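Listed here are the chains, written in short residue letters.
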Amino acid sequence: MAIEDSSEQLENLASGIRRCIACRLHESRRLAVPGEGPANAEIVLLGEGPGGKEDATGRPFVGPAGRYLDKLLQSQGISRNRLFITNCVKCRPPENRTPRRDELKTCTSTWLERQLELISPRTVVLLGQVAARQMLGDTATVSELHGTVQERDGRRYFVTYHPAAALRFDWIAATLREDFEVLGKLLAQPTDSP
Ligand code: SF4
């Protein structure tokens, strides 16, 4: 598909997300946060859900966790131009609580899967436990899988911690830095490498 067509379809999905009332999270949101990045992104970064700053701006990862993520990306020379950044749920859960199972199911089946199909990224980076469980199944744990590549249904996932957790725990910050070194090497490989 031509990039212009994909970009238009991705923007159509974003418009739908901004109007979506498919789950209860629409009731308390200010702005839905569809995600941002090119339709031909090689990498999708997937978090849990928008926080306060994201809810106020409609943009993903623009708060403290987003700034930390930017530093991690820069440390590996990974340009944001290569990335599409989004979340499992597109509307902020009240008080930043964890999204509920039915909210995750509704939002991923209605929007996320369609975004991923359209972008068809080389790698999806799962940031944190919620994203890992949503894409890899209920038994997936970040503490066991971080820093590794997992294949599911023809898609390649790289698992790591959520940057927000790194702001609370030094040991997670150290682990996240190590994981991003692995990710940097992985993304430096030629496209057809395993
Ligand atoms: S979280 Fe997702 S499914 Fe729920 S209202 Fe927002 S966009 Fe719709």
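Shown above is the structure to which this text applies.
Residues numbered from 1 in each chain as written. Predicted model: local features only at pLDDT ≥ 70, side-chain atom pairs only at ≥ 80, totals over all residues. Heavy atoms only, no water.

### A word on the pairing of strand S2 (residues 83-87)
Thinking step 1. Judged by how many residues are buried, S2 sits mostly within the fold: 5 of 5 residues are covered.
Thinking step 2. By the alternation rule, side chains of S2 split into Leu 83, Ile 85 and Asn 87 and Phe 84 and Thr 86, which are all buried.
Thinking step 3. In this sheet, S2 lies alongside strand S1 (residues 43-47) in parallel orientation, the contact comprising 5 bridges. Looking across to S2, one finds that Val 44 is bridged to Phe 84. (Buried < 20%, exposed > 50% of the residue type's maximum accessible area, 1.4 Å probe, protein only. Helix = DSSP H or I, 4+ residues; strand = E, 2+ residues; numbered from the N terminus. Pairing = 2+ DSSP bridges.)

### Remarks on the side chain of Arg 155
Thinking step 1. Relative to the elements of secondary structure, Arg 155 occurs in strand S5 (residues 155-160).
Thinking step 2. Apart from the residues lying within four places of it in its own chain, the contact partners of Arg 155 are Glu 113, Leu 116, Glu 117, Val 124, Met 135 and Gln 150. (Contact = heavy atoms within 4.5 Å.)

### Some details on the sheet that holds S1
Thinking step 1. On the basis of which strands lie adjacent, the open sheet formed by 5 strands has the order S2-S1-S3-S5-S4 and mixed pairing. Each edge of the sheet is formed by a strand with only one pairing partner; in this case those strands are S2 and strand S4 (149-152). Across the sheet, the axes of successive neighbouring strands diverge by a mean angle of 25°, strand direction being ignored.
Thinking step 2. Strand direction decides the pairing type here: strand S3 (residues 123-127) and S5, joined by 4 bridges, are parallel. Among the inter-strand pairings, Val 125 is bridged to a residue of S5, identified as Phe 158.
Thinking step 3. Sitting on the sheet, helix H8 (residues 170-188) is in contact with S1, S3, S4 and S5, with an inclination near 155° to S5. (Axes fitted to C-alpha atoms, helices over the stretch in contact; angles between N-to-C directions.)

### Section: the site of the ligand
Thinking step 1. Lining the immediate environment of the ligand, one finds Cys 20, Ala 22, Cys 23, Leu 25, His 26, Arg 29, Lys 90, Cys 91, Thr 106, Cys 107 and Trp 111.
Thinking step 2. Per-class residue counts for the shell around the ligand are 7 nonpolar, 2 polar and 2 charged. (Near = heavy atom within 4 Å. Nonpolar A, V, L, I, M, F, W, Y, C, P; charged D, E, K, R; others polar.)

### Thoughts on the packing of aromatic side chains
Thinking step 1. This model, assessed by the stated rule, comprises 1 aromatic pair.
Thinking step 2. The interplanar angle of 85° and the centroid separation of 5.8 Å between the aromatic rings of Tyr 161 and Trp 171 together place this pair among those described as edge-to-face. Of this pair, Tyr 161 sits in the loop between S5 and helix H7 (163-168) while Trp 171 sits in helix H8; the two residues are 10 residues apart in sequence, bridging distant segments of the chain. (Phe/Tyr/Trp six-rings, centres within 6.5 Å; stacked < 30°, edge-to-face > 60°.)

### Considerations on the packing of helix H3 (residues 64-75) against H8
Thinking step 1. Interaxial distance between H3 and H8 falls to 9 Å at its minimum, and their mutual angle equals 40°. By the angle class used here, H3 and H8 are oblique. Here H3 runs over H8; the crossing is right-handed. Contacts between H3 and H8 pair Tyr 68, Leu 69, Leu 72 and Leu 73 from the former with Ala 173, Leu 176, Arg 177 and Phe 180 from the latter. (Parallel < 35°, antiparallel > 145°, perpendicular 65-115°, else oblique. Left-handed = near helix turned anticlockwise from the far one by under 90°.)

### Considerations on the environment of Leu 10
Thinking step 1. Structurally, Leu 10 can be placed in helix H1 (residues 3-19).
Thinking step 2. Along the sequence, Leu 10 and Ala 39 sit 29 residues apart, while their C-alpha atoms lie 6.6 Å from each other.
Thinking step 3. When sequence neighbours within four positions are dropped, the list of residues in contact with Leu 10 reads Gly 37, Pro 38, Ala 39, Phe 84, Gln 115, Leu 118 and Ile 119.

### Details of the pairing of S4
Thinking step 1. Looking at chain direction, S4 and S5 are connected through 4 bridges and run antiparallel. Looking at S5, one finds that Arg 152 is bridged to Arg 155.
Thinking step 2. Here S4 hands over to S5 after 2 residues, with Asp 153 in that stretch at a positive phi of 50°.

### What about the side chain of His 162?
Thinking step 1. Its location among the elements puts His 162 in the loop between S5 and H7.
Thinking step 2. Of note is the side chain of His 162, whose polar atom sits 2.9 Å from the backbone nitrogen of Ala 164.
Thinking step 3. In contact with His 162, other than residues within four places in its own chain, are Gly 47, Glu 48, Phe 61, Ala 65, Leu 127, Gly 128 and Leu 176. (Polar contact = N/O pair within 3.5 Å; in protein donor to acceptor, adjacent residues only side chain to side chain.)

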